[in-house]
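For reference, the chains in residue letters:
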Amino acid sequence: MPYGTMATDRLEGINYARMREYRLKRTKEMMKKYGIGTMVTWDGWDIRYIAGVYATVPCRWYEGQCVILPINGEPQVYCVTSFSPYAMREEMPWLNDRIWATLGSTKMTDTVESIEPVIRGIEQVVRDHGLENEPIGLDGCTSEFLVGEALARKGLKAVDGKQCMFQARAVKNQDEISCCRMACTIADSAFDAIKRAIRPGVRECELVGVGMERLYAMGCDETMEFVCASGPRTNPLHIDYTDRIIRPGDIVVVDINGASWQGYKSCYYRSFVCGKATQEQKDRYEECRAMMYEGMKYIKAGVPASDIYKGFPQSPKYWGYDKVNETASYAMAHGLGISLHELPWVHAVQVEGDEMLLEEGMVLAVETWTGARGGDFGIRLEENVVVTKDGYELLTKWPVDQITECPF
């Protein structure tokens, strides 16, 4: 665990070399399991996972940046963190100069012929490593069909690579867990800033700004927009924010979902009240908290991830609905790491055969919601944990035993 967000010469913090080595090893283990000879990813999070390169959010949309990983070789990186790949080579020595300018966009093309520069780059790596007869996994590509057809014309076989990468990221080493822990620590601070700002007249969007300012000030490298819903927008829960003005007695639900430190995320709900809570609000809050912890009691290494759902209401009628899919997000759990939602995935519409056993080193987010259908408020809570041999380590430390009141 790092003591803070700065490196030091006298205390062991995060060992980034060890983390990169572990992630590359995990990726190759899963490529072997899935029978993939070469992995090609355009996914920003998987680019970072495999190669330690940060593909910035504004540069992801056109899918020009990618990493090509042969199972018997090293990552080949085509990215634009700098306009010059030569500058990137100096900044990222662990890649041993295997950084080049981008091959071209996969999203901005509509024919096999126009995507040829990208295909030539993939083909060269594949043939240089003697992997022509092994499937090529495609990950994070919206033009997967087009790329697959172009590769087929070269005599190469493309397969889906997304599940392989999800499996690779599911179990974290000690350094990744330290990053997750720090993301939650920073989110704690953002909650404190938000709590102090909740007053009659403040708007949801202002609270998001207050929280974002704190996250970036403390070293986050990217964030996602918060959930900030107040008053009647908490039932049914709206997972966005507006310029709604908060009034005395309003419930304010905030999710710091995506505070990212060294790439690793928090997904962290808490519920506040502007002023003093009513008894009804306190009772509903305790109902939500107890439900969440009832599910969390099943967490430990070796048990099916779906056991967590045993602690939640088994019927949508609990929330006043008839269809399971209408309440699938009301009580759930999901993996958390370099992206906001990872394996395992636990919810009411679990897909048969999509089962995973919990393993030490998995990081999970467990979240629940309570509120009467048609009511004027709801409560949402969430905890982030690391799976251990006998249970879990709690990463999220904002007080949860009772609703946070914001007196004025």
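Before any of the text, the structure's been laid out above.
This is a predicted model, so every value here is computed, not measured.

1. Concerning the sheet that holds strand β14 (residues 363-370)
Here we have five strands laid out as an open sheet, ordered β13-β12-β14-β15-β16, and antiparallel in their pairing. Pairing within the sheet leaves two strands with one partner each, and these edge strands are β13 (342-346) and β16 (392-394). Going across the sheet, the axis of each strand differs from the next one's by a mean of 25 degrees, ignoring polarity. Relative to β14, strand β12 (residues 331-335) runs antiparallel, the two being bridged by five bridges. The residue of β14 that forms the bridge with H334 is A365. Here helix α9 (residues 279-296) sits on the sheet in contact with β12, β14, β15 (379-387) and β16, set at roughly 25 degrees to β15.

2. A word on the packing of helix α7 (residues 174-197) against helix α8 (residues 204-217)
In contact at an axis separation of 8 Å, α7 and α8 are set at 145 degrees when each is read in the N-to-C sense. Both α7 and α8 take part in a crossing whose hand is right-handed. Contacts between α7 and α8 involve I186, A187, S189, A190, D192, A193, I194 and A197 on the former and, on the latter, L207, V210, G211, R214 and L215. Residues that form the contact of α7 with α8 fall into these classes: nine nonpolar, two polar and two charged.

3. Looking at the sheet that holds strand β11 (residues 269-274)
Spatial strand order, β7-β8-β11-β17: four strands in an open sheet with mixed pairing. Edge positions in the open sheet fall to β7 (227-230) and β17 (404-406), since each of these has one partner strand only. Taking the axes of each pair of neighbouring strands and ignoring which way they run, one obtains an average angle of 25 degrees across the sheet. Relative to β7, α8 is tilted by about 145 degrees, and along the sheet it contacts β7 and β8 (251-255).

4. Re the layout of surface pockets
In this structure, the largest pocket occupies an estimated 350 Å³ of space. Along the walls of the largest pocket sit 16 residues, with I239, Y269, S329, E367 and R380 positioned nearest its centre. Across the lining of the largest pocket, the residue classes tally to 10 nonpolar, three polar and three charged.

5. Observations concerning the packing of aromatic side chains
Enumeration according to the criterion identifies 11 aromatic pairs in this entry. Measuring from centroid to centroid gives 5.9 Å for F191 and F272, while their planes differ by 45 degrees, and the two rings are tilted. Here F191, found in helix α7, pairs with F272, found in strand β11; they are 81 residues apart in sequence, far enough to count as distant. For F272, a relative accessible area of 0% gives the class buried. Aromatic ring contacts, followed pair by pair, group Y318, W319, Y321, Y330 and W369 into a single cluster. Over the ring of W94 we find R20; its NZ or CZ atom is 3.7 Å from the centre of that ring. Of note, R373 hangs over the ring of Y321, and the distance from its end group to the ring centre comes to 4.0 Å.

6. Re the environment of E382
Of note, E382 is situated in strand β15. Considering only alpha carbons, one finds E382 and C267, 115 residues apart in sequence, at a separation of 7.5 Å.

7. Digging into the side chain of D250
With respect to the helices and strands, D250 occurs in the loop between β7 and β8. A polar atom in the side chain of D250 sits 2.9 Å from the side chain of R244. Those residues in contact with D250, other than ones at most four positions away along the chain, are G231, R244, I245, F272, V273 and C274.

8. Notes on the pairing of β12
Counting buried positions along β12 yields five of five residues, so the element is predominantly enclosed. The alternating pattern of β12 places A331, A333 and G335 on one face and M332 and H334 on the opposite face, and all of these are buried. Pairing analysis gives three bridges linking β12 to β13, with the strands arranged antiparallel. The partner of H334 across the bridge, within β13, is W345.

9. Quick word on α8
Between its terminal C-alpha atoms α8 stretches 20 Å, which fits the 20 Å expected from 14 residues at 1.5 Å a residue. Listed in full, the buried residues belonging to α8 are E204, L207, V208, G211, M212 and L215. Along the long axis of α8, the arc covered by the buried residues comes to 135 degrees, so they all point the same way. Among the exposed residues of α8, those oriented more than 90 degrees off its buried face are E213 and A217. Looking at the packing, one finds that the buried side of α8 touches α7, β7 and β8. At the C-terminal side of α8, G219 shows a positive phi close to 105 degrees.

What counts as what
Residues take numbers from 1 onward in each chain, read along the sequence in its written order. pLDDT decides what is reported in this predicted model: residues at 70 or higher carry local features, side-chain atom pairs at 80 or more are listed and counted, and totals for whole chains, interfaces and linings draw on all residues regardless. For the side-chain quantities, the full set of heavy atoms in the structure was used; hydrogens and water were omitted. A pair of strands is treated as paired once DSSP finds two or more bridges between them. In this text, helices come from DSSP runs of H or I with a minimum length of four residues, and strands from runs of E with a minimum of two, each type numbered from the N-terminal end. A fitted line through C-alpha atoms represents every axis, and for helices the fit uses only the stretch in contact; the resulting angles, taken between N-to-C directions, go from 0 to 180 degrees. By definition, residues are in contact when any of their heavy atoms lie within 4.5 Å. Left-handed describes a crossing whose near helix is turned anticlockwise from the far helix through less than a right angle; right-handed describes the clockwise counterpart. Here the term charged refers only to Asp, Glu, Lys and Arg, the term nonpolar to Ala, Val, Leu, Ile, Met, Phe, Trp, Tyr, Cys and Pro, and the term polar to all other amino acids, Gly among them. Every definition here rests on a 1 Å grid over the protein atoms only: cavities are sets of points where a 1.4 Å probe fits but cannot get out, pockets are open sets enclosed by protein on both sides within 12 Å along at least five of seven lines, and lining residues have some atom within 4 Å of a point. Grid points are joined across faces, edges and corners, and a volume is the space filled by probe spheres set on the points. Centres within 6.5 Å make a pair out of two Phe, Tyr or Trp rings, where for Trp the six-membered ring is used; the pair is then stacked when the planes are under 30 degrees apart, edge-to-face when over 60, and tilted otherwise. Relative accessible area decides the class of each residue, using a 1.4 Å probe on protein chains only: under 20% of the type maximum gives buried, over 50% gives exposed, and in between gives partly exposed. Ring-over charges, as used throughout, are those where CZ of Arg or NZ of Lys falls within 6 Å of the ring centre and within 35 degrees of the ring normal. We call two N or O atoms a polar contact when they sit within 3.5 Å, provided that within protein one can donate a hydrogen and the other can accept it, with sequence-adjacent residues counted only if both atoms are side-chain atoms. Here a helix's expected span is defined as the number of its residues, less one, multiplied by 1.5 Å. This arc corresponds to the set of directions leading from the helix axis out to the C-beta atoms.

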